[in-house]
Amino acid sequence: MALVTWDQSYSVSVKKLDEQHQKLFSLLNTLHEAMRQGKVQAVVEDTLGELALYTVTHFRAEEELLRKSNFPGFTAHQAEHQKFIEKVNQFIGDLNASPIAILGFIKNWLAEHILRTDRSYAAYLNAQGVR
């Protein structure tokens, strides 16, 4: 059972970024499934690490598009990404962090970030010819 399901409400109308968001959802669901099945801690940690790494890859791609398009909210957007990375790294470094708390944080942040922050650049990028 999927923890999160990507649908059109999450679309930012930029194919590459939508695909990356879908991949993030898939990785989050993989982490959820590993935890749900009681996989050993190493599997959960590896999956969390993969999710964290792909998130950084996605943020770089997204920020590059925003920078090239001179998106007016670029600095604030980039700052949100940085805070997320710092929080995930804090979770990864905290041996006592609850995997459920980590999962919940990532799920809530990702959904909220896409729906609120990322969707705010969709019309701007589309008007710049980015699809």
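Every chain is numbered on its own, with residues counted from 1 as its sequence reads. Totals for whole chains, interfaces and linings use every residue, but because this is a predicted model, local features are given only for residues with pLDDT of at least 70 and side-chain atom pairs only at 80 or more, for both listing and counting. Only hydrogens and water are removed before side-chain values are computed, so all heavy atoms of the structure are retained for them.

A.B. asks: Could you clarify how one ought to interpret the overall build of the chain in this entry?
C.D. replies: Across its full length, the chain holds 4 helices and 0 strands. Of the regular secondary structure in the chain, the N- to C-terminal order runs α-α-α-α. On the principal axes, the C-alpha backbone points of the chain span a range of 45 × 30 × 20 Å. Residue exposure (1.4 Å probe, protein chains only): buried if accessible area is under 20% of the type maximum, exposed if over 50%, otherwise partly exposed. Looking at the chain as a whole, 44% of its 131 residues qualify as buried. Calculation of accessible area relied on Shrake-Rupley with a 1.4 Å probe; when residues are assessed, cover is drawn exclusively from the protein chains displayed. Total accessible area on the chain is roughly 7300 Å²; 53% of this is exposed by carbon and sulfur atoms. Under the scheme used here, helices are H or I runs from DSSP no shorter than 4 residues and strands are E runs no shorter than 2 residues, and both carry numbers assigned from the N terminus.

A.B. asks: Hey, could you run me through the packing of helix H2 (residues 41–68) against helix H4 (residues 99–127) in this one?
C.D. replies: Relative orientation and spacing of two packed helices are given, respectively, by the angle between their axes and the distance between those axes. In the contact formed by H2 and H4, the axes pass within 13 Å of each other and the chain directions differ by 15 degrees. Put simply, H2 runs roughly parallel to H4. The two elements H2 and H4 meet at a crossing, and its hand is left-handed. Facing H2, whose interface residues are Leu 48, Leu 51, His 58, Phe 59, Glu 62, Leu 65 and Leu 66, H4 presents Ile 102, Ile 106, Trp 109, His 113, Asp 118, Tyr 121 and Leu 125. Gly falls in the polar group here, along with every residue not listed as nonpolar (Ala, Val, Leu, Ile, Met, Phe, Trp, Tyr, Cys, Pro) or charged (Asp, Glu, Lys, Arg). Of the residues contributing to the contact of H2 with H4, the split by class is 10 nonpolar, 2 polar and 2 charged. Lines are fitted to the C-alpha atoms to define the axes, a helix being fitted only along its stretch in contact, and any angle between axes, read from their N-to-C directions, falls within 0 to 180 degrees. In these notes the angle categories are as follows: under 35 degrees is roughly parallel, over 145 is roughly antiparallel, 65 to 115 is roughly perpendicular, and the rest is oblique. Each helix crossing is assigned a hand: it is left-handed if the near helix lies turned anticlockwise from the far helix by less than a right angle, otherwise right-handed if that turn is clockwise. We call two residues contacting when some pair of their heavy atoms lies within 4.5 Å.

A.B. asks: What is the right way to read unusual backbone geometry from this model?
C.D. replies: Leaving glycine aside, a negative phi is the common case for residues, and trans is the common case for peptide bonds. The residue Ser 13 is not glycine, and still its phi comes out positive at about 60 degrees. Structurally, the position occupied by Ser 13 is in the segment before helix H1 (15–36).

A.B. asks: Just to check I follow, could you spell out the packing of H1 against H2 for this structure?
C.D. replies: Remark: H1 packs on H2, axes separated minimally by 10 Å, with the N-to-C direction vectors making an angle of 165 degrees. One way to sum up the angle between H1 and H2 is to call them roughly antiparallel. You can see that H1 and H2 cross each other, and the crossing is left-handed. On the side of H1, the interface is formed by Lys 16, Leu 17, Gln 20, His 21, Lys 23, Leu 24, Leu 27, Leu 28, Thr 30, Leu 31, Ala 34 and Met 35, while H2 contributes Val 43, Val 44, Thr 47, Leu 48, Glu 50, Leu 51, Tyr 54, Thr 55, His 58, Ala 61, Glu 62 and Leu 65. Broken down by class, the residue content of the contact of H1 with H2 amounts to 14 nonpolar, 6 polar and 4 charged.

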